[in-house]
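# Coordinates in review
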Amino acid sequence: MPYVSKFPEWEAKGVQVVPVVSQPDIPCESGAVWGGRTGYVQNALEEDGVPIPRNSGALLCGVNGMCDAVKSMMAEAGVFEGRVLTNF
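Nothing here was measured: the structure is a model prediction, and the numbers come from that model.

Cut-offs applied
- Residues numbered from 1 in each chain as written.
- Predicted model: local features only at pLDDT ≥ 70, side-chain atom pairs only at ≥ 80, totals over all residues.
- Heavy atoms only, no water.
- Helix = DSSP H or I, 4+ residues; strand = E, 2+ residues; numbered from the N terminus.
- Buried < 20%, exposed > 50% of the residue type's maximum accessible area, 1.4 Å probe, protein only.
- Contact = heavy atoms within 4.5 Å.
- Lys, Arg positive; Asp, Glu negative; His and termini not counted.
- Charge placed at Lys NZ, Arg CZ, Asp CG, Glu CD.
- Expected span 1.5 Å × (residues − 1).
- Arc of directions from axis to C-beta.

### With respect to the overall build of the chain
- Broken down by element type, the chain carries three helices and four strands.
- Order of helices (α) and strands (β) in the chain, N terminus to C terminus: α-β-β-α-β-α-β.
- Principal-axis analysis of the C-alpha atoms places the extent of the chain at approximately 40 × 30 × 25 Å.
- For the chain, with 88 residues in total, the buried portion stands at 18%.
- In the chain, once contacts between residues fewer than 6 apart in sequence are set aside, the share between residues at least 24 apart is 46%.
- Looking at charge distribution, the chain has the averaged site of its 6 positive side-chain charges lying 11 Å from that of its 10 negative ones.

Below is the structure:
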């Protein structure tokens, strides 16, 4: 998973990292099996919500459909457009 080594640093600075994997049965390059949150990011966002939209943002890495859905959900929740970044 990209940037996983940075997660502790970001969390120490107050960033909540919520990695979600849709295909947990596929082993990582290291051979490790995913033990974290599974499913789709959109569903995780629906479950968790956006408690403080003005203080929220997202960095999304994935397929266009997921990114578009999350960007839309974040906008509906009141998150500023410039605070939702994608890998494309």
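### A closer look at helix 3 (residues 64-77)
- With 14 residues, helix 3 should reach 20 Å at 1.5 Å per residue; the first-to-last C-alpha distance of 20 Å fits that figure.
- Here helix 3 has its buried residues at Met-66, Cys-67, Val-70 and Met-74. When helix 3 is viewed along its axis, its buried side chains cluster within an angular range of 95° and face the same direction.
- Contact partners of the buried residues in helix 3: helix 2 (41-48), strand 3 (58-60) and strand 4 (84-86).
- Two residues or fewer after helix 3 comes Gly-78, characterised by a positive phi angle close to 105°.

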